[in-house]
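Next come the chains, spelled out residue by residue.
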Amino acid sequence: MTLSLTTRHTKLLFIWLGCAATTVLGLTGTARAELGGSEFSVQLDQARASGELRTTSYATYDCHEITTLDGALIREFADRSGQIFAVTWHAHGPIDLHQLLGAQYEKFAAASLEAHRDLHHTSIHLPDLVVDASVIMRTFAGRAYLPNALPVGVAVQELR
Amino acid sequence: MRPLKWLLSFGIFSAVTIGSSLALWGCGGGGGGGAAPTYSVSGTITGLTSSGLTLQLNGGNDLVVPANAMSFAFASMLGAGQNYAVTVSAQPSSPAQFCSVSNGSGTIGSASVTTVAITCATPQNVANITIDSFNGNSAGNTAYITIKVCAPGTNNCATIDHVSVDTGSFGLRLLSSAINTYNATLLSALPNVLTTGSLLAECGQFGSGYTWGSVRSVDFSVPNTNETVSGLPVQIVGDMEPAPSTCITQSVTGQMLGPNGYTSAANFGANGIIGVGPFPQDCEACSQTAMPTSNGTSYLVYTTCTSTTSSTCTASTATLAQQVINPVSDFTVDNTGVIISLPAESGVGTATASGTLTFGIVAGNSANNALGNAKVYLADPLSANVTTVYKSTTDTASFIDSGSNGLYFIDNSITACSAPAAGFYCPGGNTSPFNAGGSSTLTESATFEDYQGNNGTMVNFTIENLNLVTGWASSGLAGTGTANQFDWGMPFFFGRTVYTALTSQPFAAANVIGGNTAPFYAF
């Protein structure tokens, strides 16, 4: 890891306040929890230990942040009942959206055919599912959330 | 006596007055700042063939010089002891030339200045950008140039228009169907790049799909410039359909695009993409490992194939020399970046617009690709990201991208467009006349900073209700982005000259321009 990468990660922790690290739960592997699923699945995949899971609690939700050695950063937002209502991702390579979106994936895939697209973006905005994905070569990023499942008082801007 | 004395006095007075005038005209000597302006500034012009050149004397006195002029002279006069400075306030624009001034400044002595020399040349590093509908194929706000590819060492070539200029990717990717349209015999003459005797192919990832096809070698050039690369590895998109299932499933939409996807101009929005972003290669890690990982999962980039059938392909490393590469980094000169200059646009937009793509970035002021007074924003060495502060939100993964047709950022306070334009912003609502709340246009601002959050500059921008955007070139296109990103897409380029400085080839000395280490942006 180069100095600049270290600097950058330090910066991320300070600035990405949406999910500041407070509790390091230990090593985990690929993020396996899925949008609409249970937060218990966040910890299911311990097989490929390549990152850290950190959890931060807010008034109405928990933010589980998984960073992997290959530079991926996944955040999963779970409400008090344990349901994951939003996910965000930022990585240097493709992110498996089948896994991250879970049962919502087929809805996204179908809608994406009709969605606004340009070379670097796909956005779908359905009443019950929003996905904004971008790929700038070397940077794969996006967010997905369930508008009807946001805890009361949570602004979408918080989900970063 | 009295009359005589009066006459005499008058006569003397007159003589002195006249004498003073003559003295000034005659030699102008030594008077300093009080001297009347009597000397002209003029000079010679060589090489000027187009119109639009405007010269200034001491920051004013605009002098518009016609095409083919061989001399110039300012009408305004200067006095002895005054300083003079001749500068170019507007370069010839139709067609583009670049003029420089020599012997252009000094102090007026005892004669008119006639030795200012203007030297003009037609730059050999500028491609014309066109923004248009491309027969309705454009996704809007797409900057196109024309490129030329040839079978290596031959005159078997195709000149291909409507190749999208993309600072968000690296390398040249051409639709096989477009090549066939321009030259039916070319594709079969383009040699495959080989790895251990097998064909190299690539799965390239983009935001709305993937590019799948062989890597081949071409002699590349940009028409009307000196920019050429012999044996450039490029991706031929759509020549080995269908794509491997891994390439399909790992793409953003996870679907086989097939005839509706990145195999036709209709969904590619272009005949090809020329990726001129801040890095040379699209996958440095691929020179070391066949399948890099992302979030712990391996993904496919380069493959080696024993035939032109995708099922014979297996994941493979590719040396840096074999990989699809940003052509600019392979230029002999002008290889430090690109400069995109576009005219100002309205939010509603216009049907077409034109600008320039200039190759190379150098320090100083004396070339058409010089940084000049542009402000530099250093970018993250690994990601080329910079920082944007928008409404108290700090987006640390921001960037400038000519391949994004809009500004993309998160702001839930702006009315979102409804389907089929969902994902864009529609200030003023989704019902005609789209001016709910009083306006269909929103003016916002953000602070553009370097990657360490310093050196900030306030940037204003407008968001136009998408329903009212009628042009293919619009400064008002904006939509929802993703967390921590502010994507300064094409609207940012209108009315600006934007520099994208690229890193050197891996493991080579860094590109440093005017003391600034690439990657960086400047505008």
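As the structure is a prediction and not an experimental result, all values here were calculated from the model.

Once that is clear, we can look at the overall build of chain A. On a plain count of helices and strands, chain A comes out with three helices and nine strands. Along chain A, helices (α) and strands (β) appear in the sequence α-β-β-β-β-β-α-α-β-β-β-β when read from the amino end. Burial analysis of chain A (160 residues in total) assigns 49% to the buried set. In chain A, the proportion of contacts linking residues at least 24 apart, taken out of those at least 6 apart, comes to 44%.

What follows is about the overall build of chain B. Along the backbone of chain B there are five helices and 35 strands. Taking the principal axes of the C-alpha coordinates as reference, chain B spans close to 125 × 60 × 40 Å. Taking all 523 residues of chain B together, the buried fraction comes to 50%. Taking the contacts inside chain B whose residues are at least 6 apart along the sequence as the reference set, 68% of them involve residues at least 24 apart.

A few words now on unusual backbone geometry. All names here are of chain B. Note the cis peptide between Ala419 and Pro420, where omega equals 10 degrees. Residues Ser432 and Pro433 are joined by a peptide bond in cis, for which omega reads 10 degrees. Residue position: Pro433 is located in the loop between strand E27 (407-408) and strand E28 (441-449). Notably, Asn141 is not glycine yet its phi reads approximately 50 degrees, a positive angle. Among the secondary structure elements, Asn141 is positioned in the loop between strand E9 (126-131) and strand E10 (144-150).

Consecutive residues of a regular strand have side chains that alternate between opposite faces of the sheet. Residue and element names in this part refer to chain A. Burial within strand E5 (residues 84-91) is extensive, with eight of its eight residues counted as buried. Sheet analysis places strand E4 (residues 73-79) next to E5, joined by six bridges and oriented antiparallel. Its bridge partner being in E5, Glu76 is matched across the sheet by Val87. Hairpin connection from E4 to E5: four residues lie between these consecutive antiparallel strands, with Gly82 at a positive phi of about 95 degrees. Two elements, E5 and strand E9 (residues 139-145), share six bridges in a ladder whose sense is antiparallel. Across the sheet, the residue bridging to Ala91 is Phe140, located in E9.

Residue and element names in this part refer to chain B. Judged by pairing direction, the sheet is antiparallel, and its four strands sit side by side in the order E3-E2-E5-E7 without closing on themselves. The two strands at the open ends of the sheet, each matched to only one other strand, are strand E3 (60-65) and strand E7 (105-107). On average, adjacent strands in this sheet sit at an angle of 25 degrees to one another, irrespective of strand direction. The pairing of strand E2 (residues 53-57) with strand E5 (residues 83-90) spans four bridges and is antiparallel. Bridge pairing in E5 links Leu55 to Val88.

Each side of the interface is counted separately: chain A has 57 residues, and chain B has 57 residues. Per-element accounting of the side of chain A that touches chain B gives the leading share, six residues, to helix H1 (residues 3-15) of chain A. Grouping the amino acids of the side of chain A that touches chain B by side-chain chemistry returns 24 nonpolar, 21 polar and 12 charged.

The subject of this paragraph is the environment of B:Gly277. Within the element layout of this structure, B:Gly277 appears in the loop between strand E17 (272-276) and strand E18 (293-294). Apart from the residues within four sequence positions on either side, B:Gly277 is in contact with A:Met137, B:Thr167, B:Gly168, B:Ser169, B:Phe170, B:Asn326 and B:Thr500.

All names here are of chain B. Pairing within the open sheet is mixed, and its four strands lie in the order E4-E1-E8-E6. Every other strand in the sheet has two partners, leaving strand E4 (71-73) and strand E6 (98-102) as the edge strands with one partner each. Sheet twist, expressed as the mean angle between neighbouring strand axes with direction ignored, is 25 degrees. In terms of strand pairing, strand E1 (residues 41-46) meets strand E8 (residues 113-121) through five bridges, oriented parallel. Across the sheet, the residue bridging to Thr44 is Ala117, located in E8.

Right, let's get into the confidence of the model for chain B. Detailed reading of the predicted coordinates is not advisable wherever pLDDT falls low. Residue and element names in this part refer to chain B. In this model, chain B carries an average pLDDT of 91, and 92% of its residues clear a pLDDT of 70 or more. Contacts of residues 1-33 to residues separated by more than four positions or lying in other chains number 13 contacts, the stretch itself having pLDDT below 50. As scored by the predictor, the complex reaches a pTM of 0.87 and an ipTM of 0.84.

On to the nonpolar core, then. All names here are of chain B. The biggest cluster of nonpolar side chains holds 159 residues, and the ones touching the most others in it are Ile129, Ile145, Leu174, Tyr377, Phe520 and Tyr521. When residues no more than four places from it in sequence are discounted, the contact partners of Phe520 are Val376, Tyr377, Leu378, Ala379 and Ala501. Core analysis: the second largest hydrophobic core is formed by 18 residues, Val65, Ala80, Phe98 and Ile118 among them.

Residues and elements named next belong to chain A. Burial analysis of strand E8 (residues 129-136) places eight of its eight residues in the buried class, which makes it a mostly covered element. Along E8, one buried face is formed by Leu129, Val131, Ala133 and Val135 and the opposite face, lined by Val130, Asp132, Ser134 and Ile136, is buried too. With six bridges joining them, strand E7 (residues 121-126) and E8 adopt antiparallel strand pairing. Bridging from a neighbouring strand, His125 pairs with Val130 of E8. Two successive antiparallel strands, E7 and E8, enclose a turn made up of two residues. Between E8 and E9, which pair antiparallel and follow one another directly, the connecting turn spans two residues, one of which, Arg138, has a positive phi of 90 degrees.

The next thing to look at is the environment of B:Thr387. Residue and element names in this part refer to chain B. Tracing the backbone shows Thr387 in strand E25 (residues 386-390). Separated by 285 residues in sequence, Thr387 and Ser102 place their C-alpha atoms 40 Å apart. Excluding residues within four positions of it along the chain, Thr387 makes contact with Thr394, Asp395, Thr396, Ser398, Glu449, Asp450, Tyr451 and Gly453.

Turning next to the confidence of the model for chain A. Residues and elements named next belong to chain A. Across chain A, the average pLDDT comes to 77, with 72% of residues at 70 or higher. Here residues 24-31 is modelled with pLDDT under 50, and outside its nearest four sequence neighbours on either side it reaches 34 contacts, counting other chains as well. pLDDT under 50 marks residues 45-49. Its contacts with residues more than four places away, or in other chains, come to 13 contacts.

Attention now goes to the environment of B:Ser341. All names here are of chain B. Within the secondary structure layout, Ser341 lies in strand E22 (residues 337-342). Expressed as a C-alpha distance, the spacing of Ser341 and Phe493, which sit 152 residues apart in the sequence, is 6.9 Å. When near neighbours in sequence (up to four residues on either side) are disregarded, Ser341 contacts Gly355, Thr356 and Thr497.

The rules we used
- Residues numbered from 1 in each chain as written.
- Chains lettered and ligands numbered in written order.
- Predicted model: local features only at pLDDT ≥ 70, side-chain atom pairs only at ≥ 80, totals over all residues.
- Helix = DSSP H or I, 4+ residues; strand = E, 2+ residues; numbered from the N terminus.
- Buried ≥ 20, exposed ≤ 12 C-beta atoms within 10 Å, placed from the backbone.
- Contact = placed C-beta atoms within 7 Å.
- Pairing = 2+ DSSP bridges.
- Axes fitted to C-alpha atoms, helices over the stretch in contact; angles between N-to-C directions.
- Nonpolar A, V, L, I, M, F, W, Y, C, P; charged D, E, K, R; others polar.
- pLDDT = per-residue confidence, 0-100.
- Core = buried A, V, L, I, M, F, W, Y, C linked by C-beta atoms within 7 Å.

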